[in-house]
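# Close look at the chain arrangement
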Amino acid sequence: MGIQAWTFLIVGLSFVLYIWIAIRSRAGSTHEFYVAGGGVSPLANGMATAADWMSAASFISMAGIISFMGRDGSVYLMGWTGGYVLLALLLAPYLRKFGAYTVPAFVGQRYASQTARLVAICCALFISFTYVAGQMRGVGIVFSRFLGVDIEMGVVIGMVIVFIYAVLGGMKGITYTQVAQYCVLIFAYTVPAVYISLMMTDSLIPQVGFGGVMDRLDGLSTELGFAAYTAGNKAMIDVFCITAALMVGTAGLPHVIVRFFTVPRVRDARLSAGYALLFIAVLYTTAPAVAAFARTNLIETIADADPEALPDWVRNWEVTGLLAHEDKDGDGVLRYRADAAANEWTIDRDIIVLANPEIAGLPDWVVGLVAAGALAAALSTAAGLLLVISTSVSHDLYKGMINPAADDKRELLVARGAAATAVLIAGHFGVYPPGFVAQTVAYAFGLAASSFFPVILLGIFSKRVHTAGAVAGMVSGLLFTGGYILWFTYLDPASNNPAGWWLGISPEGIGTMGALVNVTVTLAVTTFTAPPPADVQALVDRMRVPRG
Amino acid sequence: MHAYWVAHLRILIVLLLVWFAVSFGAGILWADWLDQFRFGGFKLGFWFAQQGSIYAFILLIFAYVAIMNRHDRRHDVHEEEEGS
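Residues numbered from 1 in each chain as written. Chains lettered and ligands numbered in written order. Predicted model: local features only at pLDDT ≥ 70, side-chain atom pairs only at ≥ 80, totals over all residues. Heavy atoms only, no water.

## Points about the packing of helix α10 (residues 214-223) of chain A against helix α13 (residues 266-302) of chain A
All names here are of chain A. Two elements in contact, α10 and α13, have axes separated by 10 Å at closest approach and are oriented at 45°. With respect to each other, α10 and α13 are oriented oblique. The two elements α10 and α13 cross, and the hand of that crossing is left-handed. Counted together, R216, L217, L220 and S221 of α10 and A292, R295, T296, I299 and E300 of α13 form the full contact between these two elements. Grouping the constituent residues of the contact of α10 with α13 by class yields 4 nonpolar, 2 polar and 3 charged. (Axes fitted to C-alpha atoms, helices over the stretch in contact; angles between N-to-C directions. Helix = DSSP H or I, 4+ residues; strand = E, 2+ residues; numbered from the N terminus. Parallel < 35°, antiparallel > 145°, perpendicular 65-115°, else oblique. Left-handed = near helix turned anticlockwise from the far one by under 90°. Contact = heavy atoms within 4.5 Å. Nonpolar A, V, L, I, M, F, W, Y, C, P; charged D, E, K, R; others polar.)

## With respect to the domain arrangement of chain A
Residue and element names in this part refer to chain A. Taken domain by domain, chain A comprises domain 1 (3-298 + 356-544) and domain 2 (299-354). In this structure, domain 1 and domain 2 have C-alpha centres spaced 34 Å apart. Contacts between the two partners involve 29 residues from domain 1 and, on the opposite side, 19 residues from domain 2. Of the roughly 2500 Å² buried between domain 1 and domain 2 on both sides combined, carbon and sulfur atoms contribute 64%. Per-residue buried area on domain 1 facing domain 2 is highest for R145, L224 and L298; these three make up 30% of the total on that side. Viewed at the interface, domain 2 and domain 1 are joined by 1 salt bridge. For the salt bridge of E300 with R216, the shortest nitrogen-to-oxygen distance reads 3.0 Å. Linking domain 1 to domain 2 there are 15 residue pairs in polar contact (both at pLDDT 80 or more). The element best represented in the side of domain 1 that touches domain 2 is helix α4 (residues 56-69), accounting for 8 residues. Classifying every residue of the side of domain 1 that touches domain 2 gives 17 nonpolar, 8 polar and 4 charged. (Domains from an automatic or database assignment. Buried area = accessible area lost by both parts, 1.4 Å probe. Salt bridge = Lys/Arg side-chain N within 4 Å of Asp/Glu carboxyl O. Polar contact = N/O pair within 3.5 Å; in protein donor to acceptor, adjacent residues only side chain to side chain.)

## Topic: the nonpolar core
Of all hydrophobic cores here, the largest spans 212 residues; its most connected members are W53, F59, L91, Y284, W345 and I456 of chain A. No other element matches helix α8 (residues 151-200) of chain A, which puts 20 residues into this core. Domain assignment of the residues forming this core places at least three in each of domain 1 (3-298 + 356-544) and domain 2 (299-354) of chain A. Excluding residues that lie within four positions of it along the chain, Y284 of chain A makes contacts with W53, M54, S58, M62, Y76, L77, W80 and T81 of chain A together with I54 of chain B. In this structure, W501, I505, I510 and M513 of chain A belong to the second largest nonpolar core, which totals 9 residues. (Core = buried A, V, L, I, M, F, W, Y, C linked by side-chain atoms within 4.5 Å. Buried < 20%, exposed > 50% of the residue type's maximum accessible area, 1.4 Å probe, protein only.)

Structure (structure tokens):
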């Protein structure tokens, strides 16, 4: 059996599994559709959260990005894991106790205001839509690279699969498919990593093994004119701010927060965050190892290569356009150098994960497994985001504002309809990606950091903050961060460099400042306004204790 | 109730200080200095930035779970063993 056949077989089997789970776990009420009936075990929720969280970008692109950034890649590693500490300690248990179905519902009740709820709905929809478009595109790209299907066709296939389990099962269907998807994606990620670790070092564990290639990699990098792999290029303040923005943004992403509404008790929400991070860390500690191994291997293979004696995997990936060479000086040697004039290779970062199985000489079925893993990562995240979109529409907008008298059956119908519509819109963006999507996905974290995180945090830890402060904070945080990003991407792209940035903070890291702006404005407005009424203060008191 | 919450906040602050120290501290602010030490082939600052901080985060959350469950029981606000 060839690579193509294996890939079709493994991807096909994984899809059958997801649909089978979806049919087994249909939602019968809004309680099941929104929070899977609230009876998910902490372990299962941990796995589902891990799959929900790790997107196509984590699976396909992250190791490649780290591979080319070296030390600076740490911002993603720390940023996208450290946020779970904030989530576990500062948000998840209290929100579970509060018992709302959505983040906007919490904001609306805590601040006793439909305006605050509406602002929160807009934030949730904007963040989720920009994020989900990237996932659908990712599904299309995986299909086109591994199965030779058009990107458009790939997006449509992805839409059909998500449609079946998100519309049918809601949170219930999504939760149990995400558990399966986590298993598929983590197996697909670690198997090639273990093999490549054995190939490059004597260690079976990539996390330990890659210590052995660090000095070799530093030497190779500087020899070719690159910065040493373990030295960074970014300024410390920017590294600090990007890391903080990603951490705070992670904790503020609505599709991650709602996962903690599905467990039975407060203590389960705490434990579940621990499991989630543990499962995420399996991939996040493997990624830097893969990055270092693949970088070393890549440099040693192509730094001074004979065009007649290139290994097979180089030829295979040149066909896809992810790798290209041109012997500019015609001397029969292909050089890979930092200096653009002397460099004769063009390398797409995604190749680091995608070509791994072939570089390590693994059997054909592993390539199929990697394809299934990448699809699992993209589909699970897309489903989680679509659920946030549909619940925002049905629970917050329809039931909360338009038709509060609607019965459960009618609300469920609206939820399904909203999920179906959201799938279609997301698919549309996947087929025709608007230019802003690729950029804004990276900034979704900054926006979440400067809107949701402070408003939820203050809602729990302050009894004094009320409507006016919260709304002013959210709006000013969003305007500040959004404005900074728009300024440097559209209005003045020429000065989008360390010298042009405010305090040397890149648009990627500005969410940190946005969160501070939000908190400052909220607290300032709070000093001039009346404290919330006694019933809201009692609500906060109840939220702070697990029982009672 | 007040005593519960004050002690609760104190636990959170201590844990968050550790969280800050292992990531922003060891991985960013003091990383260059830590790089003079070696650990399993890694420069220590680099190891914290790409491995150590993540392990520390996991330990932190599980420590938090254990400490909070005990704290809840001590103040008699813990949940029943079966569901809520």
